[in-house]
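Structure assessment
What follows is each chain in one-letter form.
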Amino acid sequence: LDDLQWAESLILELVLGELLGCVGDGENAHRFLFVGLYRDNEVCDGHPLYAQLVRLRNSASVNVTEICLPAFSKGDMSDMIAAELRLPTRIVAELGDVVHRKTSGHILFAVELLNSMLRDSTIHFGLNSRRYCWRWETICSLKTDDNVASFIISNLSTWPPETLHTLRILACFGFHTDQGVLELLDASCVAPSGGLKSCIQNLVNIGVIEIVGGLVSFTHDLIQQNVYEEFELHQRQNLHYDIGVFLGAKVFANLTSTETESLEIRFDQMYISESKSAGESVISERSLLSIATDHINSAGPDFIVGQPQKELFAKWNLLVGKEMANISNFGSALHYYEEGIRFIGDGVWLDEYITNGKKLCFGLYEGAAAASLATRKGDLVEYYTSFIFQHASFENSLPSWIILMLSIESSGRYNEVLEKGINLFRRLGFVIPLSPPGPTEIMASLLSTSQMASSFTLSQIVDSRHYPIDDHKRNLFKLYTALIISTYALSSPYLPLLSFEMVQYSLRNTVFTPESAVAFAALGYFKVILAQNYLRGKFWANVALEMLKNSRPISATVQVNFTVNAYIMTWFVPMRESSRKLFETYRLGMKVGDFTMSMYALGLSLRYALLEGENL
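Just so it is clear, the structure is predicted and the values come from calculations on it, not from any experiment. Think of each chain on its own: its residues are numbered from 1, step by step along the sequence as written. Under the rules for a predicted model, residues below a pLDDT of 70 receive no local features and side-chain atom pairs below 80 are neither given nor counted, while totals for whole chains, interfaces and linings still include all residues. Processing note: side-chain calculations cover all non-hydrogen atoms of the structure and skip hydrogens and water entirely.

1. Considering the overall build of the chain
Heads up, the condition is: Think of it this way: any DSSP run of H or I at least four residues long counts as a helix, any run of E at least two long counts as a strand, and we number them from the N terminus. Throughout, exposure labels follow a simple rule: accessible area from a 1.4 Å probe, protein chains only, divided by the maximum for the residue type, with under 20% read as buried, over 50% as exposed, and the rest as partly exposed. Should any heavy atoms of two residues lie within 4.5 Å, those residues are counted as being in contact. The Shrake-Rupley method, run with a 1.4 Å probe sphere, supplies the accessible areas, and residue values consider only the shown protein chains as cover.
Of the regular secondary structure elements, the chain holds 29 helices and five strands. Here the chain holds 616 residues, and 46% of them are scored as buried. Within the chain, contacts between residues separated by at least 24 positions form 67% of all contacts whose residues are at least 6 apart in sequence. In the structure as shown, the chain presents an accessible area of about 31200 Å², 53% of it carried by carbon and sulfur atoms.

This is the structure:
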């Protein structure tokens, strides 16, 4: 019988009774051979099989022979492979090491693995070399079999405490861990008394983990899952917390207390402190802080005691969320913002005693709204912006209004966007008529704007691009650009009126940014369409393009290029050239995430190409 360690007590009693009942004396003696197999690492003092084995050993009438079959050593494995492949041991030594690691020295698993490599020709007979050969890259990338993983898991309880603790640390990181991060942890109180390095090497030798390209990985996900889930929740949270605090301290150790309390810490202010080991030199501060934050999040806010600590960890999530958003990883950014919100809770909005409490809340909720917009989660945009509208001043909530308008626009509710945008401009002090302006009002506004703009030269405007712009002015133009798609889609007469208002505001306040360039491009368009002044229209188009130079592409960049190439420059260049420029605008829009304007640009590009006689 095989796997006796899993047999029920009743079955074991039955087997023992049969064995003892077959025994007799003299002529009544019976000859009976019973072979039982079990895993000795799973049978301890309290196991039902252990008690039955003791009774058999103590029986005077039953001869018990016990044969222990240990796992193959590396040398044994190499000798067996050498004998089977008819090759010297020195040639198969490396192959034997890999097979030993992948099977933990279990002979049945080793034979199965070798047979599978023969079947798929990973090991094959080479006609030129006249001996067995193998593809080394394929062998090194072999995955550990499920049966081997289960065998390893069954042995975990017999391993030394230091090895188990190391394995738990690795499991807390997930399937992979950066080797440099582990080198950092080796000097911490988190590591076992003998250090991580020797334990990790032992785990590599027995095939539990492998190190490839600076990454320490489990050989099978079942091992990681079992190790992680087998120790208690509180122990797991405590280990996550200790790892997160240690790694976070490494990032922030060089900052003063004032800088640490600030929400404006930049990653270029950080470096990994103190003496640097080989591992520290290759880990970026961004990666280290995100890893530390992941561990703190895994511990969870319920594990953290004290509001100041919760606020600190919420701040870490805010920093990592901003970094994720900067590299356009908005899904991850939203995750970190939401984790930060979990740490502070809703009550911090009203708690005046929390350091930077409202500012921290504002950053997390606004970041979550922006990331939700980028990931097309309109319900979350409305949820997070509603908190900001409740607790922040109108001035501070203006960016959130813009985010909400863009979210509503993406669902095609253009009239709602227009209504909100016009009301916001009125609250900001702009004189906007209650009813849509007529042709007379529009032409009067165009005339007054042209008169004001005529006193400015191109060089004056270009030279003023580098003047500092405060957030209020920049937000005004962002509000205007947020209305462009809706007013364009509705052919609203508010579009020219708002454009002329923004040009005048820009000239009065010396605001020449990529966002204000949209208004100047619109002025050029209306000079062509309404006044038939093509040269002045081209002039303002060039002004708008000059404002974009040396600036990072944003949605406003796409809007300017669309307006200029679709409606102004088409009067001065061949239609084929306009088609090419619009296609470039389409590609730029897709890169920056302005999909609506991208589709407008693509549609006109194809139309112009068709009119030029090109095959689509």
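2. Observations regarding unusual backbone geometry
Of note in this structure, Arg 86 is not a glycine but carries a positive phi near 55°. Secondary-structure assignment places Arg 86 in the loop between α3 (74–85) and α4 (89–103). Despite not being glycine, Asn 550 shows a phi value in the positive range, around 65°. Turning to its location among the elements, Asn 550 is positioned in the loop between α26 (534–548) and α27 (555–568). Using a relative accessible area of 82% as the deciding quantity, one classes Asn 550 as exposed.

3. Remarks on the packing of helix α8 (residues 161–173) against helix α11 (residues 221–230)
Going by this rule: For every element, the axis is a line fit to its C-alpha atoms; helices are fit only across the contacting stretch, and the angle between N-to-C directions ranges from 0 to 180 degrees. The cut-offs work like this: below 35 degrees is roughly parallel, past 145 is roughly antiparallel, 65 to 115 is roughly perpendicular, and the gaps in between are oblique. The nonpolar class holds Ala, Val, Leu, Ile, Met, Phe, Trp, Tyr, Cys and Pro. Asp, Glu, Lys and Arg form the charged class, and all remaining residues, Gly among them, are polar.
Closest axis-to-axis distance for the α8/α11 pair is 9 Å, and the angle between their directions is 105°. Taken together, the axes of α8 and α11 lie roughly perpendicular to each other. On α11, the residues that touch Leu 167, Arg 168, Ala 171 and Cys 172 of α8 are Gln 224, Val 227, Tyr 228 and Glu 230. Class assignment for the residues of the contact of α8 with α11 results in five nonpolar, one polar and two charged.

4. Focus: the sheet that holds strand β5 (residues 215–218)
Note the cut-off: When DSSP finds two or more bridges between two strands, those strands count as paired.
Strand order in this open sheet of three strands is β3-β5-β4, and the pairing throughout is antiparallel. Because the sheet does not close on itself, it has two edges, and the strands there are β3 (176–178) and β4 (209–212). Across this sheet, the average inter-strand angle for adjacent strands is 25°, counted without regard to direction. Alignment of β4 against β5, held across four bridges, turns out to be antiparallel. Directly across from Glu 210, in β5, lies its bridge partner Ser 217. Running over the sheet, α8 touches β3, β4 and β5 and is turned about 100° from β5.

5. Quick word on the packing of aromatic side chains
Put simply, the test is: Note on aromatic contacts: the rings of Phe and Tyr and the six-membered ring of Trp form a pair at centre separations within 6.5 Å, being stacked when their planes are under 30 degrees apart, edge-to-face when over 60 apart, and tilted otherwise. Working rule: Lys NZ or Arg CZ, within 6 Å of ring centre, within 35 degrees of ring normal, means a charge sits over the ring.
Within this structure, the stated rule accounts for 26 aromatic pairs. Between the aromatic rings of Phe 313 and Trp 316, the centroid separation amounts to 5.1 Å while the plane-to-plane angle is 75°, which identifies the pairing as edge-to-face. Pair noted here: Phe 313 and Trp 316 are both in helix α15 (residues 307–326), with a separation of three residues, about one helical turn. Using a relative accessible area of 1% as the deciding quantity, one classes Phe 313 as buried. Where Phe 562 meets Tyr 567, the ring centres are 5.8 Å apart and the plane angle is 90°; that geometry is what we call edge-to-face. Pairwise contacts between aromatic rings join Tyr 488, Phe 500, Tyr 525, Phe 526, Phe 562, Tyr 567 and Tyr 600 into one cluster. For Arg 236, the ring lying beneath its charged end belongs to Phe 231, and the centroid distance is 5.9 Å. The positively charged end of Arg 536 is found above the aromatic ring belonging to Phe 539, 4.4 Å away from the centroid.

6. So, the environment of Val 503
Mapped onto the secondary structure, Val 503 falls in helix α24 (residues 494–509). A sequence separation of 20 residues divides Val 503 from Leu 523, and the C-alpha atoms of the two residues are 7.7 Å apart. Apart from residues no more than four positions distant in its own chain, Val 503 is found in contact with Thr 449, Ala 519, Phe 520 and Leu 523.

7. Observations regarding the confidence of the model for the chain
Filter applied, for reference: On a range of 0 to 100, pLDDT expresses the predictor's confidence in each residue.
Put simply, the chain has an average pLDDT of 83, and 88% of its residues get 70 or more. Confidence, expressed as mean pLDDT per element, reaches its minimum in the chain at helix α13 (residues 257–261) with 47 and its maximum at helix α20 (residues 414–427) with 94. Between residues 255–282, whose pLDDT stays under 50, and residues either more than four places distant or in other chains, the model counts 53 contacts.

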